[in-house]
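# Architecture and fold: a report
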Amino acid sequence: MEVKTSLLDNMIGVGDMVLLEPLSEDSFLENLKNRFEHNEIYTYIGSVVISMNPYRSLPIFTPEKVEEYRNRNFYELSPHIYALADEAYRSLRDQDKDQCILITGESGAGKTEASKLVMSYVAAVCGKGQEVNKVKEQLLQSNPVLEAFGNAKTVRNDNSSRFGKYMDIEFDFKGDPLGGVISNYLLEKSRVVKQPRGERNFHVFYQLLSGASDESLKKLKLHRDFSKYNYLSLDSAAVNGLDDAANFRTVRNAMQIVGFMEDEVQSVMELVAAVLKLGNIEFKPDSRSNGSDESRIKDKNDLKEMCELLGIEQSVLERAFSYRTVEAKLEKVSTTLNVAQAYYARDALAKNLYSRLFSWLVTRINESIKAQGKTRHKVMGVLDIYGFEIFEDNSFEQFIINYCNEKLQQIFIELTLREEQEEYIREGIEWTNIEYFNNAVICDLIENNQNGILAMLDEECLRPGTVTDETFLDKLNTICAEHLHFESRLSKNSKFLTDHSLPHSCFRIQHYAGKVLYRAEGFVDKNNDLLYRDLSQAMYKANHKLIKQLFPEGNPAKVNLKRPLTAGFQFKASVGTLMRNLQTKNPNYIRCIKPNDKKASHIFTDSLVRHQLRYLGLMENVRVRRAGYAFRQPYEPCLERYKMLCKRTWPHWLGPAREGVEVLMSDLPVPAEEFSFGRSKIFIRNPRTLFFLEERRRQCLQDLATLIQKIYRGWKCRGHFLLLKKSQIVVSAWYRRYAQQKKYQKIKSATTVVQSYTRGWQARKLLRELKYQKRCVEAVTTISAFWHGTQARMELRRLKQEVRNKHAVTVIWAYWQGTKARRELRRLKEEARRKHAVAVIWAYWQGLKIRREYRKFFRANAGKKIYDFTIQRIMQKYFLGLKSTLPSMSPIDKNWPARPYLFLGGVHSELRRIFHLWRCKKYRSQFTEEKKAVYEEKLEASELFKDKKALYPSSVSQPFKGDYLEINKNPKYQKLSIAMEDKVLLADVVNKINRANGKGTARLFLLTKNSVVLADQKTGQVKASVPLPDLTSVSVSTQSDGFFALKLKEGSASAVKGDFLLSSEHLIEIITKIHRMGTTAADREQLDIDISDEFLVQFKHDKVCVKFIQGVPKNGNSVSCKRKNNRLLEVSVPSTA
Ligand SMILES: Nc1ncnc2c1ncn2[C@@H]1O[C@H](COP(=O)(O)OP(=O)(O)OP(=O)(O)O)[C@@H](O)[C@H]1O
Ligand SMILES: [Mg+2]
C-alpha cells in the first residue's frame, strides 16, 4: 500500500506523535524540540494540532500555503494549522457538521494568533463575491477592535487577551459566510484601575493618546503624555515592537469597516477619555463638624472636564462621590463617603464604565456582522479564551480564568479521552483502559452548587451581616478543607499548617495545569461588582447617548432593589452555556504551547514545555490514540461513502450496513488488524488506512465520473450520430430525388430529342413519301393534264378548226345572208321607196283629188278650219294628258311632265308656274295665323341670316318656340310674369358675358313688344330692362356661336352700364324677334343687324373689340370667351368643319 504523503516523507522528527516510537515523555519532548528548532511549529496527535509559539513570523502563512492546503486531506501534507482549518471547513461544507475550533493553552501560547490564522484561512478558501467579501472583511476586522479594548500587555504576553471570546461564524449551504455572533466572557476590568508591575492597561488608552490627532485630543480634553493619567502605569507604557499610534489607525479603520458610525466612534473615544479623567480625580479628607469623615475632591478640573465630555452635571457627580444613598423598601438613607470609599466608588465607576463599554462594543459588532436574512446552514465556532495563568499575585480574575481553562480541559478530556475509551467499550471493541487525570474533581471544587468555591463566595456576598474576604476564606477553610485539590494554611488539613509558601490570607488550588495561589482579598468585592446607585443614576442623567445606554439601572423609574447577579454566578452560567454549545459541535483541537517565558524566538525551555504537555494531557492523548483507532464511523455513512470501492456493494447493498462494510473491507487490500467492527461503527486504526480509503474513493469517484462522462458522451454522440444519420437519410433522399429528377429530366429531354429526331426522320420520310406521292400525283396530274391538255388542245384545235370552219361557214353564210339581206333590203327599200313614192304620189294624187274634190266645198276657210281643228285636237289631247300626269301638291316637288309639242313650250312652262303658284296657295291656305307668323319669322330669319351666319342652317329645323320657360305657368316666375307689363314674346335663359373675364352668368332673357328684360335666373328679379327704342343695333358673328351684342343708344338711360354681350342657344330666334319688333313698330327705327367677326361693344366707358376666331374644338365643342386685354375680348368658336 503505497501512500504518497509528505506527513511521513522528508519529515523532521515525527509529524504525528501517534507514530512516535518509542513513546515516552522525553521522546515526545525531543520530537517537539527537534521540530521547533527546524521551524516546524505544528505537530499532530491524530487530529489534534499541537502549536508551538515561534515568537517570530514564519513564512508558512502565505497565500501560496493556503492554496497548498486547500482541499487536501488532513494527513496529506506536513502538519499545519491550515490542514485543521481545511478539514473543519470541508466537513462543515460537505458533511453538514457544525464545527468548533477549541484553542487552548496558557497565556502567551499563541491562541489568539491561532484563532486569527484559522479565520483568515477559512476566509481565503470560502466563497467569493462582493457581499461575501464584505462579510469576511467585517468578521476579520472585528478582531483589531476587540483586541484594542480587550487585550493588554501582561508579564506573560504583550498582547494578552483579557476577555474570553467565542465567535460563531455562520455559513450558508454553499459554505459562504453569512455573518457571525461573538460572545465575550468576563473582561478583566480590574486592569482599568490598577495594573500589576510590568503590565499595562488595555491597549486602547495608549493607542488613543499616541495615535489621535492633536485636534482630536483637544476635543477629548486629553494630553498625549501617559504620565498625566493615574490609571496608566508608567513603568511599561511602551512595549517593544508595538506601535500604538499605527495600531490606533488600524483600529479606527477596522471600526469603520465593521460599520461604526463616526459619531459612535467619537462617543466611544469620549468614554475612554472619561475613564482616564476619572482616574485623575483625587480626594482629600475633610472632617465634618459632627466628627464624621468626609472626602472632598482635590482638584475639580478633571471632574469638570469629564462632566463636560459626558454631558453630566458636575454637581451631580460630585455629590455621588461624596454620598451614598441606600434604599431599602420604604427607606432611603444617605451616608457620606470617606476618602477610601470615594476612591472605591471612583474605581468602581471606571471599571464599570469600561467593561460596559466593552460589552456594548461586542453587541454593536454583532449587530454589524449578524447574518442578514438568509437562512443559516452551518456554524463554525472559534474559541479563544484567556489562557491558564499563574501570576505572583493571583486574584478573583485569575481564579475565574483558570476555572474556565479547567472547564475547557474537562471538555477535551470528555471528548477525546473519556468519551473515546467509553465508546470503545460501548461498541464492544477490545480495549485496555488507559489512565489519565480527569480534572472533573477540580471543576467540581469550583462550581459545585452546594459547596463549590463560587457557590460559597456567592453565599458570603449575599449573607447579611459583616462580610469580608476573611469571612469568605474562613468559609472555604471549613468547607473545602478536605478537598484534595484545595490547600489553605488555616484549613483543617494539617498538611499545610507549616507551609510558609501559603500565606494566611490566601488559598491554593491544584489546577490541572499546576498549583495557583489565590489571594482572597478582593474576592467578595469583585464578585459583588457593586456600583453605588448614586453613581449609576448620575451616569444615567448624562446628556450623552451612549453613556445613558450603558447605565440603564440608573433610570429612577426602574429602581430595582434586588441585588444584581454576582460576577462569579454570571461567569459560571455563561461558561456552562458555552460548554453545552461546544458539546453539540464537532470539536477540532489546537493545543498551544509556549516554548519559553521570555517571549523570545528560538528558545525552547524543556521544563516549561514538559510542564505544559503534562497538564495538557498530551501524553495520555497520544496513548489513547495509539491504543485506539484513528477513525470511526457508523456503518451506514461508511458504506454510503465507500461502497463504490467494491463491486459487491456498488451501486446498492441490500443487506444490513454492517455486512456491507464487512464485505467492502474484505474486498480491499487492507490488513485485518487495521480495522475493527464495533456494534454500530467501524473503527480504523491507522490514519493511513483512512487516507488509503479516501484516495481509493477519490480515484473511484474519478473513474465513476469518467464512466458517467463516457456514458453521457456516448449518449450525446449517439444522439448526435442518430440525428446525423436521420438527417443524412433525409439529405440523401432529397439528393437522390434531385439526382433522379435530374436524370429523369435528362432522359426525358434525350427521349424528346431522340423522339423528335425519330419523328422528324419519320416525318421527313413521310414527307418525302408524301412529296413523292404528291409529285407522282402531280406528275400524273401534269402528265394527264398535259395529256388532257394535249387532248384538249387537239380537241380545241379540232373544235376551233371546226368552229373556224363553222364560223367561216357562218360568216360566209352570214356574208351571204347579209349580202342576200342587203340585197333584199335594198330591194325592199327600193320597193318601199317605190311604194312610198307610190303612196305619196297616191296621197298627193288623192290629196289633189280630194283638194280638187273639196275645193269646191271649202275652198275659202277649209285650211284654217282644219288647222284649228287639228290644233284643237292637239290641245285637247295635251290638256287631258297633262291632267293625268300632273305632279304632287308638294310645293317643293320639282317634277313636271315633258312638253309634248315644241310649239307648246311657252304654255307648258306657264302652266307649270301657274300650277306651282296654285299649289303654294293651296299649301298656304292650310296655315293658321300663328303658324303663319312663325313662318314669317322664319322667313325673316332667313332673310337676315341665310348665308351670312354659319349658325343659321342649324336653326332652320328648330321651331321658334318663344316662351321656353313657360313663364306664365311656372310658379317660380310668377312675380316676374306679373311684373311684365306686356305679353312676353320670348323667355329664355341666356348667358350674360362678364366684361371682365369673358365668363358667362345665366340670366333670364325676356322680350316683349316694348322692351328687352334681363332677370336673375334663380330669384326672377329684374336686373335690366331695355326699352326697344334704346336698341340701336345687334352685332353677331358670322360663325356658329350664339354670341350677340345688344348695342344701346348713346345717352339713353339703359346705356349707362353699356352694351350687353350675351350668348344664347336661340340666337337666331332672339335676333329675328327683336328685329321683327322694329319692323312692325311704325314709330321705331329699323334695327341694324351687324354680322361680322369683329365688332365693338361699349362697356361702360370703354369700347371693347369682340373678336371671333376659329378655334380647335376643345371641351366638347364649346365656345370659349377670354378677355385678352382691356380692348379685346376673344371668342374662340370651334370650327364646324
Ligand atoms: N504563529 C505565530 N507566529 C508568530 N508569532 C506568534 C505566533 N503565535 C503567537 N505568536 C506570538 O506570541 C504572542 C502571544 O500570542 P497570543 O496573543 O496569541 O497568545 P494567547 O495564547 O492568546 O495568550 P493570552 O491567553 O494571554 O491571550 C503574540 O503576540 C505573537 O507575538
Ligand atoms: Mg489571547
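Residues numbered from 1 in each chain as written. Chains lettered and ligands numbered in written order. Predicted model: local features only at pLDDT ≥ 70, side-chain atom pairs only at ≥ 80, totals over all residues. Heavy atoms only, no water.

Scanning the chain from N- to C-terminus turns up 32 helices and 31 strands. A compact globule built from 1137 residues would reach a C-alpha radius of gyration of about 32 Å, whereas the chain, at 78 Å, exceeds it by more than 25%. With the C-alpha coordinates of the chain rotated into their principal frame, the extents come out at 250 × 110 × 50 Å. Buried positions account for 46% of the 1137 residues belonging to the chain. (Helix = DSSP H or I, 4+ residues; strand = E, 2+ residues; numbered from the N terminus. Rg over C-alpha atoms; globule rule 2.2 N^0.38 Å. Buried < 20%, exposed > 50% of the residue type's maximum accessible area, 1.4 Å probe, protein only.)

The next point concerns the site of ligand 1. Contacts to ligand 1 come from 19 residues, most closely from Asn-53, Ser-107, Lys-111, Thr-112 and Ser-160. Relative to its unbound accessible area of 620 Å², ligand 1 is 87% covered by the protein chains. Those elements giving two or more residues to the shell around ligand 1 turn out to be helix H4 (111-125) and strand E5 (160-161). The element best represented in the shell around ligand 1 is H4, accounting for three residues. Its residues placed into classes, the shell around ligand 1 shows five nonpolar, 10 polar and four charged. (Near = heavy atom within 4 Å. Areas by Shrake-Rupley, 256 points an atom, 1.4 Å probe, with all protein chains shown as cover. Nonpolar A, V, L, I, M, F, W, Y, C, P; charged D, E, K, R; others polar.)

So, about the packing of aromatic side chains. Enumeration according to the criterion identifies 39 aromatic pairs in this entry. Judged by centre distance (5.4 Å) and plane angle (55°), the rings of Tyr-424 and Phe-683 are tilted. Linking Tyr-424 in helix H14 (residues 396-427) with Phe-683 in strand E19 (residues 681-684), this pair joins segments that are 259 residues apart in sequence. Members of the aromatic cluster, joined through ring pairs, are Phe-396, Phe-399, Phe-472, Phe-486, Phe-507, Tyr-518 and Phe-523. Sitting over the ring of Phe-260, Arg-364 keeps its end group 5.1 Å from the ring centre. (Phe/Tyr/Trp six-rings, centres within 6.5 Å; stacked < 30°, edge-to-face > 60°. Lys NZ or Arg CZ within 6 Å of the ring centre and 35° of its normal.)

Moving on, we come to the coordination of the magnesium ion (ligand 2). Coordination of the magnesium ion (ligand 2) by the protein is provided by Thr-112 (OG1) and Ser-161 (OG), with metal-donor distances spanning 1.9 to 2.0 Å. Here Thr-112, found in helix H4, pairs with Ser-161, found in strand E5; they are 49 residues apart in sequence, far enough to count as distant. Of the two residues, Thr-112 and Ser-161, both sit in the buried class. (Donors = N, O, S within 2.8 Å, 3.2 Å for Na, K, Ca; no water.)

Before going further, it helps to examine the side chain of Lys-572. Tracing the chain through its elements places Lys-572 in helix H21 (residues 567-583). The buried charged residue Lys-572 lacks any salt bridge partner; its closest oppositely charged side chain belongs to Asp-458, at an N-O distance of 6.3 Å. Not counting chain neighbours up to four residues away, the residues in contact with Lys-572 comprise Tyr-403, Glu-447, Asn-449 and Leu-454. (Lys, Arg positive; Asp, Glu negative; His and termini not counted. Salt bridge = Lys/Arg side-chain N within 4 Å of Asp/Glu carboxyl O. Contact = heavy atoms within 4.5 Å.)

Right, let's talk about the environment of Ala-254 for a bit. With respect to the helices and strands, the residue Ala-254 is situated in helix H9 (residues 244-258). Overall, Ala-254 belongs to the buried group, its relative accessible area being 0%. Excluding anything up to four places from it in sequence, Ala-254 contacts Gln-141, Pro-144 and Val-145.

A contiguous patch of positive charge, built from Arg-793, Arg-797, Lys-800 and Arg-804, is present on the exposed surface. With respect to the helices, strands and loops of the structure, Lys-800 is situated in helix H26 (residues 687-854). (Patch = residues over 30% accessible without salt bridge, like charges linked within 9 Å, V, L, I, M, F, W, Y side chains within 5 Å. Charge placed at Lys NZ, Arg CZ, Asp CG, Glu CD.)

If you look at the biggest cluster of nonpolar residues, it comprises 183 residues, and the most contacted ones within it are Phe-28, Phe-149, Phe-205, Leu-317, Phe-321 and Phe-507. Tallying contributions element by element places helix H13 (residues 339-369) first for this core, with 15 residues. Once residues lying within four places of it in the same chain are set aside, the contact partners of Phe-149 are Leu-187, Phe-202, Val-204, Val-268, Met-269, Val-272, Tyr-354, Leu-357, Phe-358 and Leu-361. Phe-1005, Ala-1055, Ile-1071 and Met-1077 belong to the second-largest nonpolar core, a separate cluster that totals 31 residues. (Core = buried A, V, L, I, M, F, W, Y, C linked by side-chain atoms within 4.5 Å.)

As a further point, take the pattern of salt bridges. Overall, the coordinates contain 58 salt bridges when judged by the stated rule. The partner of Asp-244 in a salt bridge is Arg-200, and the shortest N-O contact between them spans 3.0 Å. Placement of Asp-244 in helix H9 and of Arg-200 in the loop between helix H6 (190-193) and helix H7 (203-211) is noted, with a sequence separation of 44 residues between them. Overall, Arg-200 belongs to the buried group, its relative accessible area being 0%. One network of salt bridges, in which partners are shared, links Glu-25, Asp-26, Arg-610 and Arg-614.

Extensive coverage of strand E31 (residues 1128-1134) is indicated by the burial of seven of its seven residues. Here E31 shows a buried face lined by Leu-1128, Glu-1130, Ser-1132 and Pro-1134 and a second buried face lined by Leu-1129, Val-1131 and Val-1133. Pairing analysis gives seven bridges linking strand E29 (residues 1102-1111) to E31, with the strands arranged parallel. Directly across from Val-1106, in E31, lies its bridge partner Leu-1129. Across five bridges, the pairing between strand E30 (residues 1120-1125) and E31 is antiparallel. Note that in E31 the partner of Lys-1122 across the bridge is Glu-1130. A loop of two residues connects E30 with E31, the two strands running antiparallel in sequence. (Pairing = 2+ DSSP bridges.)

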